[in-house]
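Architecture at a glance
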Amino acid sequence: MKKILVTGVNGLLGQKLVERLAVMPDVQLLATGKGIKRHPDQFQYASMDVTVPQEVDAIFDWFRPDVLIHTAAMTQVDDCEQQQAACYAQNVTAVESLMRAAERFQTHFIHLSTDFIFDGEAGPYKEEDTPNPLSYYGYCKLEAEKKLMQCTSPWTIVRTILVFGLLKDTGRSNIVLWVKSNLLQKKPIRVVTDQFRTPTLAEDLADGCIRLALSGKQGIYHIAGPDFMSIYELACRVAEFFHLPKQLIQPVDSATINQPAKRPPRSGLCIDKAIQELGYAPHTFEQALRLMQEQGMG
Ligand SMILES: NC(=O)c1ccc[n+]([C@@H]2O[C@H](COP(=O)([O-])OP(=O)(O)OC[C@H]3O[C@@H](n4cnc5c(N)ncnc54)[C@H](OP(=O)(O)O)[C@@H]3O)[C@@H](O)[C@H]2O)c1
């Protein structure tokens, strides 16, 4: 029996993780999030704000996890640029508190990181490529990686990219839901042609994390989708798949939309290591859309 503690379970990845882990016979799950549980399924839940060390320590003392999967983070990249102290507290200092707690119980610390640690000049990136973040979010996620590499209990860094999936009642959106809901309401959208990604189905990311938790593998792993495309192409593929008006998608470049945080242009994550070492087998983008349709996306 493995005791697995998950943070941030009201978020996209957290939701998908608990749906799988809660029904695994050899796993004892403790799901945590900030405030009340917003997921409708039944599972063991406790409130834990990862920025409050006393809450982190109390949960570790009580549950004594074998594995921690740390998904909680401040994830809105533009908010991170504009609220840097909050970003540092949630994305770096919180990791240090969790690390200290993990070290007391030799908990295997699985930490979620991002393609935004790279500058996007030469993607798709391999695990050993050199980071060079362009945004404060990317800088903080890289700082957290560096700290975790000093951890004296086992650690794994999972880098992922542009995660999408169907959510249960949390009011959150993601790129696929955003494109679909706007086009459905006949609202025009502007989408960048000069940013390239390997979009990741949240179920695949959860599967990769669970494989790491159960196998105990350590080091850095890129867990992403298999298809490389521009965000504009992604939006067009969503429109085509759901038979929505593609002409409402206006192609623009990054300079036109001028967001507060700089994004890597040509990012993408190479997943060969995860395929070979973990047996990771992600859905193609088309298969991922079909799964979301089957889940009730229409
Ligand atoms: N989504 C992507 O495209 C993407 C890409 C690359 C990397 N990642 C990384 O993957 C991980 C999971 O992302 P996601 O898409 O699941 O993010 P998400 O949907 O934004 O979920 C993050 C969760 O963290 C929670 N949280 C924030 N601050 C917290 C705190 N102090 N204590 C406890 N919980 C807190 C949030 O709570 P509330 O719901 O209450 O706000 C939210 O439920 C993150 O580490 C992120 O940096 C994501």
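Read on for a plain summary of the structure. If you're wondering where the values come from, they're calculated on a predicted model, not measured in any experiment.

Each value, and the rule that gives it
Residues numbered from 1 in each chain as written. Predicted model: local features only at pLDDT ≥ 70, side-chain atom pairs only at ≥ 80, totals over all residues. Heavy atoms only, no water. Core = buried A, V, L, I, M, F, W, Y, C linked by side-chain atoms within 4.5 Å. Buried < 20%, exposed > 50% of the residue type's maximum accessible area, 1.4 Å probe, protein only. Helix = DSSP H or I, 4+ residues; strand = E, 2+ residues; numbered from the N terminus. Contact = heavy atoms within 4.5 Å. Salt bridge = Lys/Arg side-chain N within 4 Å of Asp/Glu carboxyl O. Phe/Tyr/Trp six-rings, centres within 6.5 Å; stacked < 30°, edge-to-face > 60°. Lys NZ or Arg CZ within 6 Å of the ring centre and 35° of its normal. Pairing = 2+ DSSP bridges. Axes fitted to C-alpha atoms, helices over the stretch in contact; angles between N-to-C directions. Polar contact = N/O pair within 3.5 Å; in protein donor to acceptor, adjacent residues only side chain to side chain. Parallel < 35°, antiparallel > 145°, perpendicular 65-115°, else oblique. Left-handed = near helix turned anticlockwise from the far one by under 90°.

A closer look at the nonpolar core
Within the largest apolar cluster, 35 residues are counted, with the highest numbers of intra-cluster contacts made by L17, L21 and I69. When contributions to this core are tallied by element, the ones reaching two or more residues are β1 (2–7), α1 (12–21), β2 (27–33), β4 (67–70), β5 (108–114), α7 (202–215) and α10 (272–278). Counting residues per element, this core draws most heavily on α7, at 6 residues. Setting aside chain neighbours within four positions, we find L17 in contact with V6, I69, T71, A206, C209 and I210.

Notes on the pattern of salt bridges
If you walk through the whole model with that rule in mind, you get 15 salt bridges. Measuring nitrogen to oxygen at the nearest pair gives 3.6 Å for the salt bridge that ties K147 to E96. Residue K147 is located in helix α5 (residues 136–148), and its partner E96 is located in helix α4 (residues 84–105); the two are separated by 51 residues in the primary sequence. On the accessibility criterion, K147 (23% relative accessible area) is partly exposed. What emerges from the salt-bridge pattern is a single network uniting E19, D41 and K168.

Concerning the packing of aromatic side chains
A complete count under the given rule lists 8 aromatic pairs for this structure. A centroid spacing of 6.3 Å and a plane angle of 50° characterise the contact between W62 and F63, whose relative ring orientation is tilted. Judged by its relative accessible area of 3%, F63 falls in the buried class. Summarising the aromatic geometry, the rings of F196 and F228 are spaced 5.8 Å apart at their centres and angled 15° between planes, so their arrangement reads as stacked. With F196 in strand β9 (residues 196–197) and F228 in the loop between β11 (219–222) and β12 (229–230), the pair connects residues that are 32 residues apart, well separated along the chain. Judged by relative accessible area, F196 falls into the partly exposed class, the value being 25%. The cationic tip of K37 hangs over the ring face of F43; the distance from NZ or CZ to the ring centre is 4.9 Å.

Details of the sheet that holds β11
The 7 strands are arranged β3-β2-β1-β4-β5-β6-β11 in an open sheet whose pairing can be described as parallel. The outermost strands of the open sheet, each flanked by one partner alone, are β3 (45–47) and β11. When the angles between neighbouring strand axes are averaged without regard to direction, this sheet yields 20°. Inspection of the sheet shows β4 paired to β5 by 4 bridges, in the parallel sense. Bridge pairing in β5 places H70 opposite H111. Strands β1, β2, β4 and β5 of the sheet are contacted by α1, whose axis makes an angle of about 155° with β2. Together, β4 and β5 form the strand contacts of α4, whose direction differs from that of β5 by roughly 160°.

Points about the side chain of N10
Mapped onto the elements of the fold, N10 is located in the loop between β1 and α1. Residue classification places N10 among the buried residues on the basis of a relative accessible area of 6%. Reaching out from N10, the side chain makes a polar contact with the backbone oxygen of I36 at a distance of 3.2 Å. Here R38 takes part through its backbone nitrogen, which lies 2.8 Å from a polar atom of the side chain of N10.

Section: the packing of α1 against α7
Running from N to C, α1 and α7 point in directions that differ by 60°, and their axes come no closer than 9 Å. The angle between the axes of α1 and α7 places the two elements in the oblique class. Here α1 runs over α7; the crossing is right-handed. Mapping the contact onto sequence places L12, L13, K16, L17, R20 and L21 in α1 and A202, E203, L205, A206, D207, C209 and I210 in α7.

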